[in-house]
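Descriptive analysis of the structure
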Amino acid sequence: MLKNIKILISSRFPKFGVNKLQTVTRLIYEISKRDHTSPEQILQNIPITYTNFEGVKSLLLKQRFPNCTNEERANIKVFPSFLNNQQTKVDLTYKKLLIDPKEFLVEKIVANSALVEKIKKLYPHTPLQIINSYNDHIKTEEFSIAKYNRRIDRIFIVKENFDFISPCPCTKDCVCCGYQILNCGMGCGFECEYCYLQSYTNAPGIAIPANIDDYLQKLGEIKHPIRIGTGQFTDSLLFDNITGYSKIIIPFLADKPHIQFEFKTKSVNIQNLLECKASPNIITAWSLNPQIIIDNCEHFTASLTERLSAAKQCQDHGYKIAFHFDPIIYFKNWEQKYAGVINQIFKNIKPENIAWISLGTLRMTIKQKQTIESRFPNNTILDEEFINGFDNKLRYNDRIREKLYQSLSKQIHTHGKNINVYLCMENKELQKI
């Protein structure tokens, strides 16, 4: 499709240079994909008198961003090239929810660790290779999106030496919520189309640290109130049946009430949690979206019903519960669908058992957008109107984001006025909602 568009545009506008052709190609591609209209028809609708680039660009911008203001359209400066090819497309028939690695690569320094011994028992027939170090090993192979697509096949067992706890990476001008991250892994086996990790990491596999005792030592050094969790660079529970880290962390924090610790997941891998004694400072959390979004965008994750059932089991066991509507995705009938999710929450979870609910709308870097359309060429989430936001990320405009936040916040607070709802990765103006 892209090749044909470029040929058509070059024929129609032979005097346009490379950058101008890229801009027009990008706009026509996105209009064609969204409207299910042929590029030929879009070009035919451009008056023959339009030969000036700025005129053509302005006409296409109005068509691609009809709900934006002239000022917002004028601020759209970047029209990125495409990474799209068949080698980068995700095979959504390839993986399943079951974690079944094809090989383990173990750093020599942790070869005799408890985690490696456990892996040998869980996966007695899976090859296990000893390597000098993760960093040295990945230098020997060139990273590619195709390798990233098969990352679940390779699990690296490593020793973390420095990056134990870090602040949540808020971008410029975002209001920070103070969340901290316990970096107990890098990489996730789920295939959420919007996931920032696909453009953030260049790891050709999943990396899991074996030295959990060092993490506990760092946690034990914290004497001030803190909110911390493990769900930023990996899913908190997806690999928990392999690591068993929840069964180590939960009792360790039982006498440290100043540490609120969150396990955030899209899985239902909660058996270890249910085998531990619940503590008031341990929060089990689920990222939520309407089932239509889960079906179309959150591949291999648990269904909405399964997530809420798991949350109810954790509540009944004594844990506090949290939910994250992040990212909230703008689509047809969004208000009705999100209201349905919120109603389902409170059929399962008592308001007084909810620690917090976060709201954050879909946002991305330019690189992330390119990666999404490369890995998921049939996606629909990119069809909406994204403009350069306050932090230079692509975002819905302020009016849409405000409407989304107001609607979900209002719906949540009809079930409990004192429920703690906060916005994630947002500017000061919208924080006032």
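Residues numbered from 1 in each chain as written. Predicted model: local features only at pLDDT ≥ 70, side-chain atom pairs only at ≥ 80, totals over all residues. Heavy atoms only, no water.

Turning our eyes to something else, we now look at the sheet that holds strand β2 (residues 128-131). Spatial strand order, β2-β1-β3-β7: 4 strands in an open sheet with parallel pairing. Edge strands, defined here as strands with exactly one partner in the open sheet, are β2 and β7 (206-209). The average angle at which neighbouring strand axes cross in this sheet is 25°, direction not considered. Relative to strand β3 (residues 154-158), strand β1 (residues 103-107) is paired through 4 bridges, and the arrangement is parallel. Following the sheet pairing, Leu-105 is matched in β3 by Phe-156. (Pairing = 2+ DSSP bridges. Helix = DSSP H or I, 4+ residues; strand = E, 2+ residues; numbered from the N terminus. Axes fitted to C-alpha atoms, helices over the stretch in contact; angles between N-to-C directions.)

Before going further, it helps to spend a moment on the nonpolar core. Core analysis: the biggest nonpolar cluster contains 99 residues, and Ile-157, Leu-288, Phe-323, Phe-325, Ile-329, Ile-345 and Leu-359 have the highest contact counts within it. If we ignore the near neighbours within four places in the chain, the residues touching Ile-345 are Leu-288, Leu-308, Phe-323, Phe-325 and Ile-354. (Core = buried A, V, L, I, M, F, W, Y, C linked by side-chain atoms within 4.5 Å. Buried < 20%, exposed > 50% of the residue type's maximum accessible area, 1.4 Å probe, protein only. Contact = heavy atoms within 4.5 Å.)

What follows concerns helix α18 (residues 398-413). Within an α-helix, residues lying three or four positions from one another point in the same direction, as the helix has 3.6 residues per turn. In this model, α18 (16 residues) spans 22 Å end to end at C-alpha, consistent with the 22 Å of a helix rising 1.5 Å per residue. Of the residues making up α18, those classed as buried are Ile-400, Arg-401, Leu-404, Tyr-405, Ser-407, Leu-408, Ser-409 and Ile-412. Among the structural elements, β12 (320-328), α16 (334-348), β13 (354-361), β16 (394-395) and β17 (421-423) are those in contact with the buried residues of α18. The N-cap residue of α18 is Asn-397: its side-chain oxygen and the backbone nitrogen of Arg-399 are 3.0 Å apart. (Expected span 1.5 Å × (residues − 1). Polar contact = N/O pair within 3.5 Å; in protein donor to acceptor, adjacent residues only side chain to side chain.)

With that settled, the discussion passes to the packing of helix α2 (residues 18-35) against helix α4 (residues 53-64). The geometry of α2 relative to α4 is characterised by a closest axis approach of 10 Å and an angle of 25° between their N-to-C directions. If you check the angle between α2 and α4, you find them roughly parallel. Read as a crossing pair, α2 and α4 show a hand that is left-handed. Seen from α2, the contacting residues are Lys-20, Thr-23, Val-24, Leu-27, Ile-28, Glu-30, Ile-31 and Arg-34; seen from α4, they are Phe-53, Val-56, Lys-57, Leu-60, Leu-61, Gln-63 and Arg-64. Among the residues forming the contact of α2 with α4, the class breakdown is 8 nonpolar, 2 polar and 5 charged. (Parallel < 35°, antiparallel > 145°, perpendicular 65-115°, else oblique. Left-handed = near helix turned anticlockwise from the far one by under 90°. Nonpolar A, V, L, I, M, F, W, Y, C, P; charged D, E, K, R; others polar.)

In total, this model carries 15 aromatic pairs according to the counting rule given. Ring plane angle 85° and centroid distance 4.9 Å describe the contact between Tyr-134 and Phe-156, whose orientation is recorded as edge-to-face. Of the two residues, Tyr-134 is situated in helix α7 (residues 134-138) and Phe-156 in strand β3; the sequence distance between them amounts to 22 residues. Each member of the pair Tyr-134 and Phe-156 is classed as buried. Summarising the aromatic geometry, the rings of Tyr-330 and Trp-334 are spaced 6.2 Å apart at their centres and angled 45° between planes, so their arrangement reads as tilted. The pair Tyr-330 / Trp-334 is uniform in exposure class, with both members buried. (Phe/Tyr/Trp six-rings, centres within 6.5 Å; stacked < 30°, edge-to-face > 60°.)

What follows concerns the pairing of strand β8 (residues 226-229). Burial along β8 is two-sided: Ile-226 and Ile-228 facing one way and Arg-227 and Gly-229 facing the other are all buried. Inspection of the sheet shows strand β5 (residues 180-182) paired to β8 by 2 bridges, in the parallel sense. Residue pairing in the sheet places Ile-181 in a bridge with Gly-229 of β8. The sheet contact formed by β8 and strand β9 (residues 259-265) spans 4 bridges and is parallel.

In this model α4 runs 16 Å from its N-terminal to its C-terminal C-alpha over 12 residues, within 8% of the 16 Å that 1.5 Å per residue would give. What α4 keeps buried is the set Phe-53, Val-56, Lys-57, Leu-60, Leu-61 and Arg-64. Each buried residue of α4 sits inside an arc of 130° when the element is viewed along its axis, so together they form one side. Looking at the buried positions of α4, the neighbouring elements they touch are α2, α3 (39-44) and α5 (70-74). (Arc of directions from axis to C-beta.)

What follows deals with the sheet that holds β16. One open sheet accounts for 3 strands, arranged β14-β16-β15; its pairing is antiparallel. Of all strands in the sheet, those bounded by a partner on one side alone are β14 (363-364) and β15 (387-388). Here β14 runs beside β16; their pairing, made up of 2 bridges, is antiparallel. Bridging across to β16, Arg-363 finds its partner in Arg-395.

Right, let's get into the side chain of Glu-107. Mapped onto the elements, Glu-107 comes out in strand β1. Buried charge without a partner: Glu-107 forms no salt bridge, and the closest opposite charge is Lys-159, 8.3 Å away. A distance of 2.8 Å separates a polar side-chain atom of Glu-107 from the backbone nitrogen of Lys-159. Ignoring any residue separated from it by four or fewer positions in sequence, one finds Glu-107 in contact with Ile-131, Asn-132, Ser-133, Tyr-134, Ile-157, Val-158 and Lys-159. (Lys, Arg positive; Asp, Glu negative; His and termini not counted. Salt bridge = Lys/Arg side-chain N within 4 Å of Asp/Glu carboxyl O.)

It is the contact of α16 with α18, at a shortest axis distance of 10 Å, that shows an interaxial angle of 30°. When the axis of α16 is compared with that of α18, the two are roughly parallel. As for the relative orientation of α16 and α18, their crossing is right-handed in sense. Contacts from Trp-334, Glu-335, Tyr-338, Ala-339, Ile-342 and Phe-346 of α16 reach α18 at Lys-403, Leu-404, Ser-407, Leu-408, Gln-411 and Ile-412. Residue composition of the contact of α16 with α18, by class: 8 nonpolar, 2 polar and 2 charged.

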